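Listed below, chain by chain, are the residues.
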Amino acid sequence: AAVLAGCGLSASPPRCPPMPEQDGGLVPGGYNAPREPDDQIMEVIRSATPATGSTNSMMRQWEDLQNRGVTCWYTSQVVAGTNYNVTMVQDTSQGSVVYSVIIFEPLPYENSPPQVARITRQVAEPAPPSDPRAALVQVRPQDAKRGRSRSPSSLDGRLALEPTGAH
């Protein structure tokens, strides 16, 4: 893919993760099943502002997501207004990053814009190792400093994994 000059980002739009499937019955009062983006959610995103008291960092992050993020899907929950949980993806210098954005849209009579309540960076599940034995390789903190690791063969047939941070 072509690279945009000076910023190291791909010219193609970031790819959304697969939309989760509805896993059975919905909970009354809970979020509904995930939906593809539509005009309604795109208008909510366009008009949403960070909630009062938001940090400068969150304001910059939301502006960046509005301008360069891709909306993947959303769910909604009717309360005294509507909560939207919007999944968005954005290309960064570290690759595509998935965000969960909670937006609250007040009831129409309040004459207030939707507010971004929270932006959470989603943590990707680590890929399973290609070699099952790779999961057994152990690096102790004192060995990591020396560039050594203990593999299953160096344990003389014993599986003696130490908790992280043990010495």
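Preceding block: the structure.
Presented here is an overview of the structure given in this document. Predicted, not measured: the structure shown is a model, and the values here were computed from it.

Bringing the nonpolar core into the picture now. In terms of nonpolar packing, the biggest core is built from 17 residues, with W62, V86, V101, I103, V116 and I119 touching the most fellow members. For this core, the elements supplying multiple residues, two or more each, are α1 (39-47), α2 (56-68), β3 (81-92), β4 (95-105) and β5 (115-121). With 4 residues, the top contributor of residues to this core is β4. In this structure W62 touches I45, A48, T49, P50, M88, V101, I103, V116 and I119, once residues within four positions along its chain are discounted.

Further remarks concern the state of the cysteines. Counted by the stated rule, this structure contains 1 disulfide. With its sulfur 2.1 Å from that of its partner, C16 forms a disulfide with C72. Given an S-S torsion of about -85 degrees, the disulfide between C16 and C72 has left-handed geometry. Taken together, the residues span a long stretch of sequence, with C16 in the segment before α1 and C72 in strand β2 (residues 70-79) at a distance of 56 residues. Judged by its relative accessible area of 33%, C16 falls in the partly exposed class. Relative accessible area serves as the criterion here: at 6%, C72 is assigned to the buried category.

A separate point is the pairing of β2. In terms of burial, β2 is largely enclosed, as 7 of its 10 residues are buried. Taken together, the 9 bridges between β2 and β3 define a ladder with antiparallel strand orientation. Its bridge partner lying in β3, T75 is registered against N85. The turn linking β2 back onto β3 is made up of 1 residue.

About the cut-offs
In this numbering scheme, every chain counts its residues from 1 along its sequence in written order. Local features are withheld for residues below a pLDDT of 70 in this predicted model, meaning they are given only at 70 or higher, and side-chain atom pairs are given and counted only at 80 or more; totals for whole chains, interfaces and linings count all residues. Note that water and hydrogens are dropped before the side-chain values are worked out from all heavy atoms of the structure. Here, nonpolar core refers to any group of buried Ala, Val, Leu, Ile, Met, Phe, Trp, Tyr and Cys residues whose side-chain atoms link them within 4.5 Å. Remark: exposure states derive from per-residue accessible area (1.4 Å probe, protein chains only) relative to the maximum for the residue type, with buried under 20%, exposed over 50%, and partly exposed in between. Think of it this way: any DSSP run of H or I at least four residues long counts as a helix, any run of E at least two long counts as a strand, and we number them from the N terminus. A contact between two residues is defined here by any heavy atoms of the two lying within 4.5 Å. Note on terminology: disulfide denotes any pair of cysteine sulfur atoms within 2.5 Å. By this definition, two strands are paired if DSSP reports at least two bridges between them.

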